[in-house]
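Remarks on the overall topology
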Amino acid sequence: MIDNPYSTAVLAWYERNARDLPWRADGASPWSVLVSEVMLQQTPVVRVLPAWEAWMRRWPTPADLAAEPSGEAVRMWNRLGYPRRALNLHACARAITERHGGEVPRDHTELLALPGVGSYTAAAVASFAYGQRHAVLDTNVRRVLARAVTGVQYPPKAATRGETALAEELLPPDAPTAVRWSVAVMELGALVCTARSPACADCPIADRCAWRAAGHPAYDGPPRRGQRYAGTDRQVRGRLLAVLRAAPGPVDKPALDAVWDEPVQRERALDALIADGLVDPLDDGRYALPG
């Protein structure tokens, strides 16, 4: 571990500027934290908040969700994007109910063993739900550390061992402060050190930022292409799922055919949804959300 020259300023900034989010509230259940972390993957808070609130009203515990078909999780996911996450949460709920007595495990290794839970989510739940000391390395944290410490505009596309080592080195030694540091850096990346328009004048560590000191050098790594949506298979998949979510039961194929004029792309998207377990083809030729 190295001395962390940023912690005092970042923690003080967080105390003044932290958003009041329900999964951060005192007494928030570990399940509510897990749901929030899965929903927040590649999705902004403004879209997640109403979806999270609706989800938690309907399924306040893992057992509540585990008792329902996985298709109901897909339906409830609505247009949050990347609907495989809904299936992962349903599988998590069943695993938690069957293996852990309905309680989200606190052990980091057991969290990693849950369906669809990777290193980031396991560390986040162990930290934010159970107050443990883990390096929590999401996109926002990686960007802050890349700029402030490494002096580059953007981190690599995928997290590296070097980034993980740096995050662990900067982690305060006591668990409560480490948890606060992790969420504070995450918040700084979300609100100030943003990807496209960083508000350096508002940054509490601007005077110690290596990227700022170097004159804000432009990113010179592999091209960073924005994710196109219009006209892609993702858009077609979304339209197909929207029909199934809105239907009270299975739908006939013509109802799906109507959502997209290009048949080859439409069938490819439908096949992908079936392969991902998001759509069930029935023996009578109709289609439904997974049972």
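Everything in this summary refers to the structure shown in the same document. (Residues numbered from 1 in each chain as written. Predicted model: local features only at pLDDT ≥ 70, side-chain atom pairs only at ≥ 80, totals over all residues. Heavy atoms only, no water.)

Let's talk about the overall build of the chain
We apply this condition: Helix and strand definitions here come from DSSP, where helices need a minimum of 4 consecutive H or I residues and strands a minimum of 2 consecutive E residues; each element is numbered from the N-terminal end. Here the radius of gyration uses the C-alpha set of atoms, whereas the globule reference equals 2.2 Å times the residue count to the power 0.38. When a residue's accessible area, from a 1.4 Å probe over protein chains only, is under 20% of the maximum for its type it is buried; when over 50% it is exposed; and in between it is partly exposed. Any two residues whose heavy atoms approach within 4.5 Å at even a single point are treated as in contact. Note that accessible areas follow from Shrake-Rupley with a 1.4 Å probe, and for residues the cover is restricted to the protein chains shown.
When helices and strands are counted, the chain shows 15 helices and two strands. At 21 Å, the chain has a C-alpha radius of gyration in line with the 19 Å of a compact globule built from 291 residues. In terms of its C-alpha atoms, the chain occupies a principal-axis envelope of roughly 65 × 45 × 30 Å. By residue count, 44% of the 291 residues in the chain fall in the buried class. Within the chain, residue pairs in contact and separated by at least 24 positions form 62% of the contacts whose partners lie at least 6 positions apart. As presented, the chain carries roughly 14500 Å² of accessible surface, and 52% of it is formed by carbon and sulfur atoms.

Some remarks on the packing of aromatic side chains
Cut-off, in case you're wondering: Between the rings of Phe, Tyr and Trp (Trp by its six-membered ring), a pair exists once the centres lie within 6.5 Å; its type follows the angle of the planes, with under 30 degrees stacked, over 60 edge-to-face, and the other angles tilted. Placement of a charge over a ring requires the Lys NZ or Arg CZ to be within 6 Å of the ring centre, with the centre-to-atom vector within 35 degrees of the ring normal.
Under the definition given, this model contains four aromatic pairs. Look at W55 and W59: their rings are 4.7 Å apart centre to centre, the planes differ by 75°, and that puts the pair in the edge-to-face class. Of the two residues, W55 and W59, both sit in the buried class. Aromatic ring contacts, followed pair by pair, group W55, W59 and W77 into a single cluster. Taking the ring centre of W211 as reference, the NZ or CZ of R147 above it sits at 4.8 Å.

What about helix α6 (residues 84–99)?
The condition that has to hold: To estimate how far a helix should reach, multiply one less than its number of residues by 1.5 Å.
Over its 16 residues, α6 runs 22 Å from end to end, which matches the ideal 22 Å to within 8%, given 1.5 Å per residue. Looking only at α6, the buried set comprises R85, A86, L87, L89, H90, C92, A93, A95 and I96. The inward-facing, buried residues of α6 contact α2 (30–39), α3 (45–58), α4 (62–66) and α5 (70–77). One or two steps after α6, the chain reaches G101, where phi turns positive at roughly 60°.

Some details on the nonpolar core
Here is the rule: Nonpolar core, defined: a set of buried Ala, Val, Leu, Ile, Met, Phe, Trp, Tyr and Cys residues in which side-chain atoms within 4.5 Å join the residues together.
In terms of nonpolar packing, the biggest core is built from 51 residues, with W31, M39 and W55 touching the most fellow members. Per element, the largest residue contribution to this core is seven residues, and it comes from α6. Not counting chain neighbours up to four residues away, the residues in contact with M39 comprise V48, A51, W52, W55, W77, L80 and R85. Judged by nonpolar contacts, the second largest core, of 31 residues, contains Y6, A9, A184 and I205.

Brief notes about the environment of W52
Counting through the fold element by element, W52 comes out in helix α3. Separated by 103 residues in sequence, W52 and P155 place their C-alpha atoms 29 Å apart.

As for helix α11 (residues 175–191)
End to end, α11 covers 24 Å across 17 residues, agreeing with the expected 24 Å (1.5 Å per residue, within 8%). Check the buried side of α11 and you find it contacts α1 (7–17), α8 (119–128), α9 (139–150) and α10 (161–170).

A few points about the pattern of salt bridges
For the record, the criterion: Salt bridges, as used here, are contacts in which a Lys or Arg side-chain nitrogen is within 4 Å of a carboxyl oxygen on Asp or Glu.
Under the definition given, this model contains 15 salt bridges. Two residues, E187 and R19, come together in a salt bridge whose shortest N-O distance is 2.8 Å. One end of the pair, E187, is in helix α11; the other, R19, is in the loop between α1 and α2, with 168 residues separating them in the sequence. Residue R266 pairs with D257 through a salt bridge whose shortest N-O separation is 3.2 Å. Members of the salt-bridge network, linked through shared partners, are R58, E68, E72 and R75.

Let's talk about the side chain of S182
With respect to the helices and strands, S182 occurs in helix α11. Non-local contacts of S182, meaning those with residues more than four positions away in its chain, are made with F128, H134, V136, V141 and L171.

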